[in-house]
Amino acid sequence: MYKFDTKVQYLKYKVLREVARLAWNDGLLDGLTDIPKTIVPGKTPTMRCCIYKERAILSERVKIAMGGNRENPNVIEVIEIACDECPMGGYEVTNACRGCLAHRCLDACRFGAISFDQSHVAHIDKSKCKECGACARVCPYTAIVSRKRPCENACKVKAIQMNEDKSAAINGEKCIACGACVYQCPFGAITDKSFILDAIDILKKSENNRKYKVYAVVAPSISSQFSYAKLGQVITGLKELGFHTVIEAALGADMVADAESRELVEKGFLTSSCCPAFVSYIEKNFPDLASNISHNLSPMATIAKYLKEHENGCKVIFIGPCTAKKAEVQKESVRPYVDVVLTFEELQALFDSKDIDITALSEGVLDNASYFGRIFARCGGLADAVAEGIKEHGNTDFELKACSCDGIEQCRIALLKKSKNLIDVNFIEGMACTGGCIGGAGCLTHGEKNKAEVDKYGREALEKTITDAISVLR
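What counts and how
Residues numbered from 1 in each chain as written. Predicted model: local features only at pLDDT ≥ 70, side-chain atom pairs only at ≥ 80, totals over all residues. Heavy atoms only, no water. Helix = DSSP H or I, 4+ residues; strand = E, 2+ residues; numbered from the N terminus. Rg over C-alpha atoms; globule rule 2.2 N^0.38 Å. Buried < 20%, exposed > 50% of the residue type's maximum accessible area, 1.4 Å probe, protein only. Areas by Shrake-Rupley, 256 points an atom, 1.4 Å probe, with all protein chains shown as cover. Lys, Arg positive; Asp, Glu negative; His and termini not counted. Charge placed at Lys NZ, Arg CZ, Asp CG, Glu CD. Pairing = 2+ DSSP bridges. Axes fitted to C-alpha atoms, helices over the stretch in contact; angles between N-to-C directions. Contact = heavy atoms within 4.5 Å. Salt bridge = Lys/Arg side-chain N within 4 Å of Asp/Glu carboxyl O. Core = buried A, V, L, I, M, F, W, Y, C linked by side-chain atoms within 4.5 Å. Right-handed = clockwise from strand over helix to strand, strands pointing away. Parallel < 35°, antiparallel > 145°, perpendicular 65-115°, else oblique. Nonpolar A, V, L, I, M, F, W, Y, C, P; charged D, E, K, R; others polar. Polar contact = N/O pair within 3.5 Å; in protein donor to acceptor, adjacent residues only side chain to side chain.

S.K.: I'm lost on the overall build of the chain in this one. Help?
M.R.: Within the chain, the regular secondary structure consists of 18 helices and 15 strands. Here the C-alpha atoms of the chain give a radius of gyration of 24 Å, agreeing with the 23 Å that 2.2 N^0.38 yields for 474 residues. When its C-alpha atoms are laid out on the principal axes, the chain stretches across 80 × 70 × 35 Å. Counting only residues that meet the buried cut, the chain has 54% of its 474 residues in that class. Only carbon and sulfur atoms are counted for the fraction: they give 49% of the accessible area of the chain, which is about 22,000 Å². Each charge sign in the chain was given a centre, from 61 positive and 61 negative side chains, and these centres are 4 Å apart.

S.K.: Looking at this structure, I do not really get the sheet that holds strand β9 (residues 214–218). What am I missing?
M.R.: Hydrogen bonds between backbone atoms are what pair the strands of a sheet, whose relative direction is either parallel or antiparallel. In space, the four strands of this open sheet follow the order β10-β9-β12-β13, with parallel pairing throughout. Where the open sheet ends on each side, the last strands, each with one partner, are β10 (245–248) and β13 (340–343). The average undirected angle you get between the axes of adjacent strands in this sheet is 25°. Taken together, the four bridges between β9 and β10 define a ladder with parallel strand orientation. From the neighbouring strand, Tyr-215 faces β10, where its bridge partner is Thr-245. Sheet strands touched by helix α11 (residues 299–310): β9, β10, β12 (315–320) and β13. Its angle to β12, the strand with the most contacts, is close to 160°. Each of β12 and β13 is contacted by helix α13 (residues 344–353), which is oriented at about 85° to β13, the strand it contacts most.

S.K.: Can you walk me through the pattern of salt bridges in this structure?
M.R.: Summed over all chains, the structure comprises 26 salt bridges. A salt bridge links Arg-21 to Asp-355, with the nearest nitrogen and oxygen atoms 3.2 Å apart. Residue Arg-21 is found in helix α1 (residues 7–24), and its partner Asp-355 is found in the loop between α13 and α14 (371–374); the two are separated by 334 residues along the sequence. Its relative accessible area of 63% is what places Asp-355 among the exposed residues. Here Lys-326 ties to Glu-346 by a salt bridge, and the two come within 2.9 Å at their closest N and O atoms. Of this pair, Lys-326 sits in helix α12 (residues 324–328) while Glu-346 sits in helix α13, placing them 20 residues apart in sequence. Note on accessibility: Lys-326 and Glu-346 belong to one class, buried. Salt bridges sharing common partners tie together Lys-12, Asp-192, Lys-326, Glu-345 and Glu-346.

S.K.: Got a minute to help me understand the nonpolar core in this structure?
M.R.: Core analysis: the biggest nonpolar cluster contains 73 residues, and Leu-238 and Ile-319 have the highest contact counts within it. In terms of residue count, α1 provides more of this core than any other element does, seven residues in total. Each residue touching Leu-238, except ones within four places of it in the same chain, is listed here: Val-218, Phe-243, Val-246, Ile-319, Leu-347 and Phe-351. Within the second largest apolar cluster, 43 residues are counted, among which are Val-157, Ala-159, Ile-160 and Ala-177.

S.K.: When you look at the pairing of β12 in this model, what are you seeing that I'm missing?
M.R.: The side chains of a regular strand alternate, residue by residue, between the two faces of the sheet. Across the six residues of β12, five count as buried, placing the element largely inside the fold. Looking at chain direction, β9 and β12 are connected through five bridges and run parallel. The residue bridging Val-214 from the neighbouring strand is Lys-315, located in β12. With four bridges connecting them, β12 and β13 associate as parallel partners. Bridged to Ile-317 within β13 is Val-340.

S.K.: Hey, could you run me through the pairing of β9 in this one?
M.R.: Burial analysis of β9 places five of its five residues in the buried class, the great majority of the element. Here β9 shows no split at all, with Val-214, Ala-216 and Val-218 on one side and Tyr-215 and Val-217 on the other all buried. Handedness of the crossover is the feature at issue here: the chain leaves β9, passes through helix α8 (residues 231–241), returns alongside β10, and the resulting connection is right-handed.

S.K.: Is there a simple way to explain the packing of helix α9 (residues 249–267) against helix α15 (residues 381–392) in this structure?
M.R.: When two helices pack together, their arrangement is given by the angle between the helix axes and by the axis-to-axis distance. Between α9 and α15, the least distance of the axes is 8 Å, while the angle of their chain directions is 70°. Between α9 and α15, the crossing angle belongs to the class labelled roughly perpendicular. Here Ala-257, Glu-260, Ser-261, Leu-264 and Val-265 of α9 come into contact with α15, specifically with Leu-382, Ala-385, Val-386, Gly-389 and Ile-390. Tallied by class, residues from the contact of α9 with α15 come to seven nonpolar, two polar and one charged.

S.K.: Just to check I follow, could you spell out the sheet that holds strand β15 (residues 427–431) for this structure?
M.R.: Taking strand neighbours across the sheet as the criterion, the three strands line up as β11-β15-β14 in an open arrangement whose pairing is parallel. Strands at the two margins of the open sheet, each flanked by one partner only, are β11 (270–271) and β14 (402–406).

S.K.: For this particular structure, what's the right way to read the environment of Glu-131?
M.R.: Secondary-structure assignment places Glu-131 in the loop between β4 (122–124) and α4 (134–138). Put simply, Glu-131 and Tyr-91 are 40 residues apart on the chain and 6.5 Å apart in space, counted from C-alpha to C-alpha. Setting aside anything within four residues of it in sequence, one finds Glu-131 in contact with Gly-89, Gly-90 and Tyr-91. At 3.3 Å, the side chain of Glu-131 and the backbone nitrogen of Tyr-91 are in polar contact.

In structure tokens:
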């Protein structure tokens, strides 16, 4: 059994696996909301206060595994009944306060929210506190702490709010679908909709009538996942699921690097278009810079577009680490090319739903892209690929001044500086997830070792230049 990062991930996986298992065997009906019998909790609660609440929450998890609320365009949903255990008091004074004489917290507070009792212990008046954190920063005992919920701390775009029932609520006007809240919620109350049933439906129809071929387009970050098996075995496992061929999204990355490097030289300044969460962040928070977003589709959409144009009637299912990709495929510019997006978590559930032990399989071959296309998976890889593209095009007079942003906070700083002409860069590579795609919410594992695995995978590419990689497509 594969070991997940957290028990929350494992719970999510079990629900996905059993829903998928029923779907393969025609055990699901449209609109089914009952809990699959294979995952019904026992008579004694194991995670919640009572068995009835466990059942109610599990029922909601099943609904989201089956696609969630289709009327809600956001791919991130909140299971409200599961969101009730987190403190939401803002800044509080803990018992670490020693009642010191300095009273730096009092001096730091500009809103008169700090007072002291007869023991000189500090207290915060919530009606006056503005949650600025100035008091916490100056306390020599770190006695003042922020009791924000994990989802609020994880969401760097401030899209998480609290509703009247004190459950988390997502502001769709701000949310960029990065999934940071999904991975950080310790109760699994925030999760991404799954379209695993759509993928199974496509694969089953392809197997039954042979009218179309189904292509799996896999993100290069797959090289850092499924660490218990060999990558070639994962490729064979995908074909066992019914995929006709497995294509690297990294080949689409080569195509993007080739086109984007030309576009950059022509226009003089660009922001990258590969990370859909980063693109959404610019559109919602820096609209004046939106015209500078590269006009190239993402690597996923680029290679999918090529497949659709050259393989009549084919279906394309993208598999990667990204929840924001599920939102990207809703765009008019992408919807015609990508039929379904799955995460690595969901792929693991698919394998196990059909009892496919990938460690027992022979090794398939996945070799479509160059080193530069493959390293798109980690922060800095895109900038390196654009530099290579400029070099291969012979544009020796153009000086690349790239800024690679690792996480949405770095993206915000770079975009803010650029909007005020405070930074001398001509290309901003934005990665919403820390580390890049290897830190995506849909990953099986999250860790620094993933970067080394991606670089190793890149070095194994037979095609050493971007030009060589895309030459077979012309």
